[in-house]
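# Overview (structure and organization)
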Amino acid sequence: MAPSVSKTMAATDAPVIVNMQRLTRGKDVASLAQGIVHWLPPPASLEAAKAALDDPATHGYGDDEGYPALVAALGRKLEVKNALANSDVMVTSGCNQAFANVCLALLDAGDAALLFRPYYFNHLMQLQMLGVEALLPAMTDELLPDVAALTAALDGAKPPKVVVLVNPGNPTGTIIPKALLDEVAGLCAARGAWLVVDNTYELFAYGEPHACVEGDHVVNLFSFSKAYGMMGWRVGYVAHPPALGPSLLKAQDTVAICASQASQRVALAALEGGDAYVADRVAGLVAHQKRDILEALAPLGENAVRGGDGAIYLLVALPRHCADDEKVVAWLVDAHGVAAIPGSACGLPGHVRVCYANLEPAAYARGPANDCVRRASGSRTPPLRCPAELTGLGLGAL
């Protein structure tokens, strides 16, 4: 008899990013799929990385909570920039590990947690592998948390122990206004629920300013991956009520012990000297990549594209004739050489998520809308029959 694997792990969704990597492997593909940026870390961070190699402390274990100088700098940043004056800090190996630590500290198998749909796929996967019941109410038409749906869930037969938000949104690309954050936090506090807010895209706000909320029941998550171009360095952090510290330490010490010592030194240099560097590149996304992606998507109609006031994503509704988003994603790879994320991976079938931060501005220089039409009429035969307006999604000709 063959040994079995964990039932909860077997029931966990397959990682969509890995699926996309397999779909595109060995092909000439421009990826607008994985949420990454095209720039490197700030120059001071690269110098810190070189210096770290000569520091013996880099090669040993560090404090579980994080490199002390980085923890102190993050505490100052949280108070000045995020108005979080009463939170302790734990540095983790990326924001996904931050979320994993928090879930391990707060949730038991059989508990319920609430994610608004469309959701960040890794958040759902983390709940699934812990045996947590995921409540998935839809967002509003504006892609914001639905207060009525949240209230109904909190007052339901099995209320969520944890409510999760992403601000700015992934995959929605929308900013949650401060007043709405406060309302959600108040509802959670009144009903004894935790509120966990993933602020990974805090520096990608193009209109409504990004804001945080704090409380004894609120946990905030952050990342260095996106704004600072540090995807591969894997540094995130948790801003948490002090009382949660002992539980988080158990998770941290068991899973990672500590974040990479070299990575934390790179993060410290980015935090101390990277503000202007990041601001310049984020502004460039709006002036170049986002503008050109919207131009390419225009044939789908003005109501087909949503989001875009925050983060690095657009949600694109597919024509009814092509509602199978997984087939459309495969078609885009094969017919146009472009990768996007199927909306069904985020609980929103019939859509695709487009990331406009992956490619450098020069990649858009030829004009995506015209060039993708040329590619769509080339020699490769699409495996899926779709309306002509879907050529606007053929962004692989960038």
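Residues numbered from 1 in each chain as written. Predicted model: local features only at pLDDT ≥ 70, side-chain atom pairs only at ≥ 80, totals over all residues. Heavy atoms only, no water.

### A few points about the overall build of the protein
Within the protein one finds 13 helices and 13 strands. Scaling as 2.2 N^0.38, a compact globule of 398 residues should have a C-alpha radius of gyration of about 21 Å, and the protein matches this with 21 Å. Considering the protein as a whole, with its 398 residues, one finds that 54% of them fall into the buried category. On the protein, roughly 16,700 Å² of surface is accessible, and the fraction owed to carbon and sulfur atoms is 55%. Here the protein carries 29 positive and 39 negative side-chain charges, and the mean point of each set is 8 Å from the other. (Helix = DSSP H or I, 4+ residues; strand = E, 2+ residues; numbered from the N terminus. Rg over C-alpha atoms; globule rule 2.2 N^0.38 Å. Buried < 20%, exposed > 50% of the residue type's maximum accessible area, 1.4 Å probe, protein only. Areas by Shrake-Rupley, 256 points an atom, 1.4 Å probe, with all protein chains shown as cover. Lys, Arg positive; Asp, Glu negative; His and termini not counted. Charge placed at Lys NZ, Arg CZ, Asp CG, Glu CD.)

### Focus on helix α6 (residues 121-129)
Burial within α6 is extensive, with 7 of its 9 residues counted as buried. Listed in full, the buried residues belonging to α6 are Phe-121, His-123, Leu-124, Met-125, Gln-126, Leu-127 and Gln-128. Positive backbone phi, at 75°, marks Gly-131, one or two positions downstream of α6.

### Examining helix α11 (residues 275-297)
Between the first and last C-alpha of α11 there are 31 Å, a value that for 23 residues agrees with the 33 Å anticipated at 1.5 Å per step. Roughly 40° is the biggest bend found in α11, and it falls at Leu-285. (Expected span 1.5 Å × (residues − 1). Bend = angle between axes of the 7 residues up to and from the residue.)

### Focus: the layout of surface pockets
What the largest pocket holds in volume is close to 470 Å³. Residue lining of the largest pocket: 25 residues in total, with Gln-34, Asn-96, Tyr-120, Asn-122 and Lys-226 positioned closest to the centre. Looking at the lining of the largest pocket, the elements with two or more residues in it are α2 (16-24), α5 (95-106) and α6. In the lining of the largest pocket, the residues fall into 12 nonpolar, 9 polar and 4 charged. There is about 250 Å³ of room inside the second largest pocket. Val-16, Asn-19, Glu-326, Pro-342 and Ala-345 are, among the 15 residues lining the second largest pocket, the residues nearest its centre. Those elements that provide at least two residues to the lining of the second largest pocket are α2, α6 and α12 (325-336). (1 Å grid on protein atoms, 1.4 Å probe; cavity = no way out; pocket = protein on both sides within 12 Å on 5 of 7 lines; lining within 4 Å. Points joined across faces, edges and corners; volume = space filled by probe spheres on them. Nonpolar A, V, L, I, M, F, W, Y, C, P; charged D, E, K, R; others polar.)

### A few points about the packing of aromatic side chains
In this structure the tally under the stated criterion is 7 aromatic pairs. Ring geometry for Tyr-120 and Phe-121: centres 5.1 Å apart, planes at 50°, overall tilted. Just as Tyr-120 is buried, Phe-121 falls in that class too. Each ring, one from Phe-224 and one from Tyr-228, has its centre 5.3 Å from the other, and the planes form 40°; the classification is tilted. Residue Phe-224 shares its accessibility class with Tyr-228, and that shared class is buried. (Phe/Tyr/Trp six-rings, centres within 6.5 Å; stacked < 30°, edge-to-face > 60°.)

### Quick look at the sheet that holds strand β13 (residues 351-355)
Here 4 strands make up an open sheet; going across it, the order is β9-β10-β13-β12 and the pairing antiparallel. Bordering the open sheet on either side are β9 (305-306) and β12 (341-342), each of which pairs with just one other strand. In this structure, β12 lies alongside β13, joined through 2 bridges in antiparallel fashion. Residue pairing for β13: Pro-342 is matched across the bridge by Val-352. (Pairing = 2+ DSSP bridges.)

### Here we look at the UniProt feature "domain: Aminotransferase class I/classII large" (unreviewed entry) in the protein
Here, UniProt's "domain: Aminotransferase class I/classII large" (unreviewed entry) annotation points to residues 28-363. End-to-end, the C-alpha atoms of residues 28-363 are 14 Å apart, and along that stretch the chain is 38% helix and 15% strand. (UniProt positions renumbered as here; feature names shortened; annotations may be inferred.)

### Quick look at empty space enclosed by the protein
Under the definition given, this model contains 1 cavity of 30 Å³ or more. As for the largest cavity, its lining consists of 18 residues, of which Phe-116, Pro-118, Met-139, Leu-165 and Val-166 are closest to the centre. Per-element accounting of the lining of the largest cavity gives the leading share, 3 residues, to strand β5 (residues 162-166). The residue makeup of the lining of the largest cavity, split by class, is 13 nonpolar, 5 polar and no charged.

### A look at unusual backbone geometry
Following Arg-117, the chain continues into Pro-118 via a peptide bond in cis, with omega recorded as 10°. One can find Pro-118 in the loop between β3 (112-115) and α6. Looking along the chain, the bond that leaves Asn-167 and enters Pro-168 is cis, with omega of -5°. Within the fold, Pro-168 resides in the loop between β5 and α8 (178-190). Positive phi values are uncommon outside glycine, yet Ala-83 reaches one of about 60°. Along the chain, Ala-83 turns up in the loop between α4 (68-82) and β2 (88-92).

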